[in-house]
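# Coordinate inspection notes
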Amino acid sequence: MGLTEAQIQRYARHILLDEIGGHGQARLLASRVLVVGAGGLGSPLLMYLAAAGVGTIGIVDSDQVDLSNLQRQIVHPTARIGQTKVASAHATLAAINPEIHIIEHAVRLDATNAGSLIAGYDIVADGSDNFPTRFLVNDACFFGRKPLVSGAILRFDGQVATFKPYAGDPDGGHLPCYRCLYGGPPPAGEVPSCAEAGVLGAFCGVVGSLQATEVIKELLGIGDSLAGWLVILDALGSRFRKVRVKADPGCPLCGEAPTIRRLETEAGAAAADAAICHG
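Residues numbered from 1 in each chain as written. Predicted model: local features only at pLDDT ≥ 70, side-chain atom pairs only at ≥ 80, totals over all residues. Heavy atoms only, no water.

## Focus: the packing of helix H4 (residues 42–52) against helix H10 (residues 201–220)
Angle between the axes and distance between the axes are the two parameters that describe a pair of packed helices. The N-to-C vectors of H4 and H10 enclose an angle of 40°; their axes lie 8 Å apart at closest approach. Taken together, the axes of H4 and H10 lie oblique to each other. As for how H4 packs across H10, the hand of that crossing is right-handed. Facing H4, whose interface residues are Pro44, Leu45, Tyr48, Leu49 and Ala52, H10 presents Cys204, Gly205, Gly208, Ser209, Gln211, Ala212, Val215 and Ile216. When grouped by side-chain class, the residues that make up the contact of H4 with H10 number 9 nonpolar, 4 polar and no charged. (Axes fitted to C-alpha atoms, helices over the stretch in contact; angles between N-to-C directions. Helix = DSSP H or I, 4+ residues; strand = E, 2+ residues; numbered from the N terminus. Parallel < 35°, antiparallel > 145°, perpendicular 65-115°, else oblique. Left-handed = near helix turned anticlockwise from the far one by under 90°. Contact = heavy atoms within 4.5 Å. Nonpolar A, V, L, I, M, F, W, Y, C, P; charged D, E, K, R; others polar.)

## Comments concerning the packing of aromatic side chains
Here the structure, examined in full by the defined rule, presents 5 aromatic pairs. With centroids separated by 6.5 Å and ring planes inclined at 40°, the aromatic side chains of Phe131 and Phe135 adopt a geometry described as tilted. One end of the pair, Phe131, and the other, Phe135, are both in helix H7 (residues 131–144), 4 residues apart, so they sit about a helical turn from each other. Assessed through its relative accessible area of 6%, Phe131 is described here as buried. Since its relative accessible area comes to 1%, Phe135 is described here as buried. Ring geometry for Phe142 versus Phe143: centroids 5.4 Å apart, planes at 70°, classification edge-to-face. On the basis of relative accessibility, which here comes to 34%, the residue Phe143 falls in the partly exposed class. An aromatic cluster is present here, built from Phe131, Phe135, Phe163, Tyr178 and Tyr182 joined pairwise through their rings. Over the face of the ring belonging to Trp229 we find Lys242, whose NZ or CZ atom lies 4.8 Å from the ring centre. (Phe/Tyr/Trp six-rings, centres within 6.5 Å; stacked < 30°, edge-to-face > 60°. Buried < 20%, exposed > 50% of the residue type's maximum accessible area, 1.4 Å probe, protein only. Lys NZ or Arg CZ within 6 Å of the ring centre and 35° of its normal.)

## A closer look at the sheet that holds strand S8 (residues 239–244)
Sheet strands pair by backbone hydrogen bonding; their relative direction is either parallel or antiparallel. Ordered by their spatial adjacency, 8 strands build an open sheet running S3-S2-S1-S4-S5-S6-S7-S8, and the pairing between neighbours is mixed. The sheet is open, and its two borders are formed by strand S3 (101–105) and S8, each paired with just one other strand. Each strand axis lies, on average, 15° off the axis of its neighbour in the sheet, ignoring direction. Note that strand S1 (residues 32–36) and strand S2 (residues 56–60) share 5 bridges and pair parallel. (Pairing = 2+ DSSP bridges.)

## Topic: unusual backbone geometry
Its identity as a non-glycine residue notwithstanding, Arg145 has a phi of 55°, on the positive side. With respect to the element layout, Arg145 can be found in the loop between H7 and strand S5 (148–154). Notably, Ser238 is not glycine yet its phi reads approximately 50°, a positive angle. Its location among the elements puts Ser238 in the loop between strand S7 (229–234) and S8.

## Re the packing of H4 against helix H5 (residues 85–96)
Taken N-terminus to C-terminus, the directions of H4 and H5 make an angle of 30°; their axes are 9 Å apart at the nearest point. Between H4 and H5, the angle falls in the class roughly parallel. Pair H4 / H5 crosses with right-handed handedness. The segment H4 lies against H5, with Leu46, Met47, Ala50 and Ala51 engaging Ala89, Thr92, Leu93 and Ile96. Here the contact of H4 with H5 is composed, by residue class, of 7 nonpolar, 1 polar and no charged.

Given below as structure tokens:
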């Protein structure tokens, strides 16, 4: 796939990078990324993927834009309060880069649609705002063998990780999934939501932009993958820490004796509002 003169000019700073070049930019233009959640993390994630020239971006979100979103959800301007988030995000991304294709999925992911939605994309980036969705996305990516770039934020703390449990670990065995790290959703009310505990809006941009960086690295196969690692961010202390995460042999999804063999709703978790806030 050759680049047009306009594309060469638009993506010139990418093309100058030896790790990307014209071939890598063409690869981005042919790529398909699904972003779950058009909120605090999804906003910078979506905007940078659009600007980078990711050719097809799917957006999953069932909510409408609310005034309380605007402190951090920069993909939505004030004039779009009341619109669906997918439509609002679509308009912003089209203004940033009119040559890419945006697909609106104005639905809430559940066990009946997650697998089919994810199947149409090369990679999934999770910007959801509740634990049941996060675990469902992880499970769907595991069964669909899709890489997952996950981010989380609450108050002044953030996390970013990439999960590819279907891939081999250089140290032996296979790489971990999200359940290897967290097991299952916590009881409702155990972890406060952003609506209860707050979140620094500008810090959402840091975490979401880091997610976008990891998505682009995975699409192009450049740099060191975060698969098998967890980046922990502390905004107040201006600290980034990277820790190793190994696959859990007892993981109910990817362990030695899995008990989860199909997409399903977590028992009692679907109604839980507890969240490490993504939106």
